[in-house]
Amino acid sequence: MKLAYWMYAGPAHIGTLRVASSFKNVHAIMHAPLGDDYFNVMRSMLERERNFTPVTTSVVDRNVLARGSQEKVVDNITRKDAEEHPDLIVLTPTCTSSILQEDLHNFVERAQLEAKGDIMLADVNHYRFNELQAADRTLQQIVQYYIEKARKKGELPEGKTEKPSVNIIGGSTLGFHNQHDCTELKRLMADLGIEVNTVIPEGASVYDIKKMPRAWFNLAPYRELGLMAASYLEAEFGIPCVDITPMGVVETARCIRKIQQVINAQGADVDYEEFINEQTLHVSQAAWFSRSIDCQNLTGKKAVVFGDNTHAAAMTKILAREMGIHVVWAGTYCKYDADWFREQVSEYCDEVLITEDHGAIGDAIARVEPSAIFGTQMERHVGKRLDIPCGVIAAPIHIQNFPLGYKPFMGYEGTNQIADLVYNSFTLGMEDHLLEIFGGHDTKEVITKGISAGSDLNWTKDGLAELNKIPGFVRGKVKRNTEKFARDRGFKDINVEVLYAAKESVGA
């Protein structure tokens, strides 16, 4: 296990708790020591909801360790069942409590004897899987549990819906703009004349799951969450899955054409080409904007992209294919799904990076000095240190990325949001020059640390004073070149003489 103060994807139990707390009237019991119980604080801080997060911690302490956990865990489950009357209680350990190697299946069986609601164990390997993988597995387990339960009771509905219908799978709490995306996808389906059969898991009841086999197809727009549940439904009921993420003009059209193909193969007779054309020309401003003189100013500018697979791949394609921006490198922290990512983005960028090391990503950004960054909250911090603007496109994210206003990233309205984000993420035209004239840059302190945490260089007072005289729009580059010069020659302190020597070495 690797301890880190910054992680792109959290531990497995966070993924399980995200799925459990996305459903209505589902409660989670977290078997964990104090310190692993930060999910409630994190979710209540980020998600703007009035209800309390339905997660209870069954605390592992020295008293519990002395006599065993079973009695306390079973008591907590039955107590919450009596107090909250949930439809389902999900029990999950954490990495720490998994060390105890307890028989949690037995805990669940014991509690089920007394509880009125359903109880299940999130059966996830907490050492092999991260937050995203665990969320995907937990959702699949819950779907399978209720499908099999309905089948045993003879409650599975027969046949498909009369009209074409869809299960939208994958939107969850703490997801990047997931609720807004879900709203936009519902509107898109309505425009296409497709009924929404279920939306899983966000806002759904577990009793909605038994209706899922009636859908004509599943839409799983997120690579990280929903594919395992969709694969299970395809294997059990032959429900085809559309897994094209409708982000950007091109991919949204491709997703709609795939939906057309899937439902026409089941007896429908639809042609969505006129709809795609109308939406592209008149609803999505992105198609027009990308050909405008404003957007042409971005042509050839350098950018880097980093995030989860879904958003990093989609943004790379949008930048390169739709807006003419040069993507120097694109990367993802989803190492477990690296082959898919490489296949998706290789032709749209110069280099592909697959890593969970935020320090390596910071150094890679500093190395290529892009005009803009499109990444996570971590890359936004890097951009601030390097004075490079950053548009946040993927989790991990800050509270500012849970907007009160309507900001989907998917569908045709999403194309407008993305076009705005891209355009506003670049420093354009006279902006830097005007800041220089009116003293904007002179008010900034020069950052003296390197991007890598191990930087040991020190800028002296006269060195900083001279560096501050350099125009703001090139100051960051001069600073990094000087630090590289000093590091190559073993200098620990950077004074005005070292700065001049570095300038001379590059012929400045």
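In what follows, the accompanying structure is described. (Residues numbered from 1 in each chain as written. Predicted model: local features only at pLDDT ≥ 70, side-chain atom pairs only at ≥ 80, totals over all residues. Heavy atoms only, no water.)

### Regarding the packing of aromatic side chains
- Under the definition given, this model contains nine aromatic pairs.
- Measuring from centroid to centroid gives 5.0 Å for Phe-176 and Phe-409, while their planes differ by 80°, and the two rings are edge-to-face. Residue Phe-176 is found in the loop between strand E5 (165-171) and helix H8 (178-191), and its partner Phe-409 is found in the loop between strand E13 (390-392) and helix H18 (411-425); the two are separated by 233 residues along the sequence. In this structure, Phe-176 and Phe-409 share a single accessibility class: buried.
- Relative to Tyr-333, the ring of Phe-306 lies with its centre 6.1 Å away and its plane at 55°, an arrangement referred to as tilted. Of this pair, Phe-306 sits in strand E9 (residues 302-307) while Tyr-333 is found in the loop between strand E10 (326-332) and helix H15 (338-345), placing the two residues 27 residues apart along the sequence. The same class applies to Phe-306 and to Tyr-333, which are both buried.
- Residue placement shows Arg-137 over the ring face of Phe-129; its charged tip is 3.8 Å from the ring centre.
- Its end group placed over the ring of Tyr-406, Arg-187 keeps NZ or CZ at 4.8 Å from the ring centre. (Phe/Tyr/Trp six-rings, centres within 6.5 Å; stacked < 30°, edge-to-face > 60°. Helix = DSSP H or I, 4+ residues; strand = E, 2+ residues; numbered from the N terminus. Buried < 20%, exposed > 50% of the residue type's maximum accessible area, 1.4 Å probe, protein only. Lys NZ or Arg CZ within 6 Å of the ring centre and 35° of its normal.)

### With respect to the sheet that holds E10
- Spatial ordering of the open sheet is given by E11-E10-E9-E12-E13, a layout of five strands whose pairing is parallel. Edge positions in the sheet fall to strand E11 (351-354) and E13, since each has one partner strand and no second. Averaged over neighbouring strand pairs, the angle between their axes works out to 15° when direction is ignored.
- Pairing geometry for strand E12 (residues 372-375) and E13, over three bridges, is parallel. Residue pairing for E13: Gly-375 is matched across the bridge by Val-392.
- Together, E9, E10 and E12 form the strand contacts of helix H14 (residues 309-322), whose direction differs from that of E9 by roughly 160°. (Pairing = 2+ DSSP bridges. Axes fitted to C-alpha atoms, helices over the stretch in contact; angles between N-to-C directions. Contact = heavy atoms within 4.5 Å.)

### Overview of the pattern of salt bridges
- One pass over the full model with this rule turns up 18 salt bridges.
- A salt bridge links Glu-251 to Arg-321, with the nearest nitrogen and oxygen atoms 3.0 Å apart. Of the two residues, Glu-251 sits in helix H10 (residues 249-264) while Arg-321 sits in helix H14, which places them 70 residues apart along the sequence.
- Residue classification places Glu-251 among the buried positions, given a relative accessible area of 6%.
- Taking the shortest distance from any N to any O, the salt bridge between Arg-367 and Glu-351 comes out at 3.7 Å. Remark: Glu-351 occurs in strand E11 and Arg-367 occurs in helix H16 (residues 358-368); sequence separation between them is 16 residues.
- Residue Arg-367 is classed as exposed on the basis of its relative accessible area, which comes to 52%.
- It is possible to trace a salt-bridge network through shared partners that takes in Arg-79, Lys-80, Glu-83 and Glu-84. (Salt bridge = Lys/Arg side-chain N within 4 Å of Asp/Glu carboxyl O.)

### Here's the deal with the sheet that holds strand E3 (residues 88-93)
- Within the open sheet, the four strands sit side by side as E2-E1-E3-E4. Their pairing is parallel. At either margin of the open sheet sits one strand with a lone partner, and together these are strand E2 (55-59) and strand E4 (118-121). Each strand of the sheet is rotated relative to its neighbour by a mean of 20°, with strand direction disregarded.
- For strand E1 (residues 26-32) and E3, the ladder comprises six bridges, and the chain directions are parallel. If you follow Ala-28 over to E3, its bridge partner there is Val-90.
- Across the sheet, helix H7 (residues 131-153) lies against E3 and E4, angled at about 135° from E4, the strand it touches most.

### Comments concerning the nonpolar core
- Counting residues in each nonpolar core, the largest one holds 97 residues, and the members touching the most others are Phe-23, Ile-142, Ile-209, Phe-217, Phe-374 and Val-422.
- Looking at which element gives the most residues to this core, the answer is H7, with seven residues.
- Those residues in contact with Phe-374 that lie beyond four places of it in its chain are Ala-303, Val-304, Val-305, Phe-306, Met-315, Leu-319, Gly-391, Ile-393, Leu-421, Val-422, Ser-425 and Phe-426. (Core = buried A, V, L, I, M, F, W, Y, C linked by side-chain atoms within 4.5 Å.)

### Focus: helix H11 (residues 273-283)
- What H11 keeps buried is the set Phe-275, Ile-276, Gln-279 and Thr-280. On an axial view of H11, the arc spanned by its buried residues comes to 125°, and they lie on one face. Pointing more than 90 degrees away from the buried face of H11 are the exposed residues Glu-274 and His-282.
- Elements that come into contact with the buried residues of H11 comprise H8, H10, helix H12 (286-289) and H18. (Arc of directions from axis to C-beta.)

### Considering H8
- With 14 residues, H8 extends 20 Å from end C-alpha to end C-alpha; this agrees with the ideal 20 Å at 1.5 Å per step.
- Within H8 the residues assigned to the buried category are Asn-178, His-180, Asp-181, Cys-182, Glu-184, Leu-185, Leu-188 and Met-189.
- If you follow the buried residues of H8, they end up packed against E5, strand E6 (195-201), strand E7 (217-219), H10, H11 and H18.
- Once H8 finishes, Gly-193 follows within two positions and takes phi at roughly 75°, a positive value. (Expected span 1.5 Å × (residues − 1).)

### As for the environment of Thr-78
- Relative to the helices and strands, Thr-78 resides in helix H4 (residues 70-84).
- On the basis of relative accessible area, Thr-78 is assigned to the buried category, the value being 15%.
- Between the C-alpha atoms of Thr-78 and Lys-116, which are 38 residues apart in sequence, the distance is 8.6 Å.
- Within the structure, the side chain of Thr-78 is placed 3.0 Å from the backbone oxygen of Asp-75, a separation counted as a polar contact. (Polar contact = N/O pair within 3.5 Å; in protein donor to acceptor, adjacent residues only side chain to side chain.)

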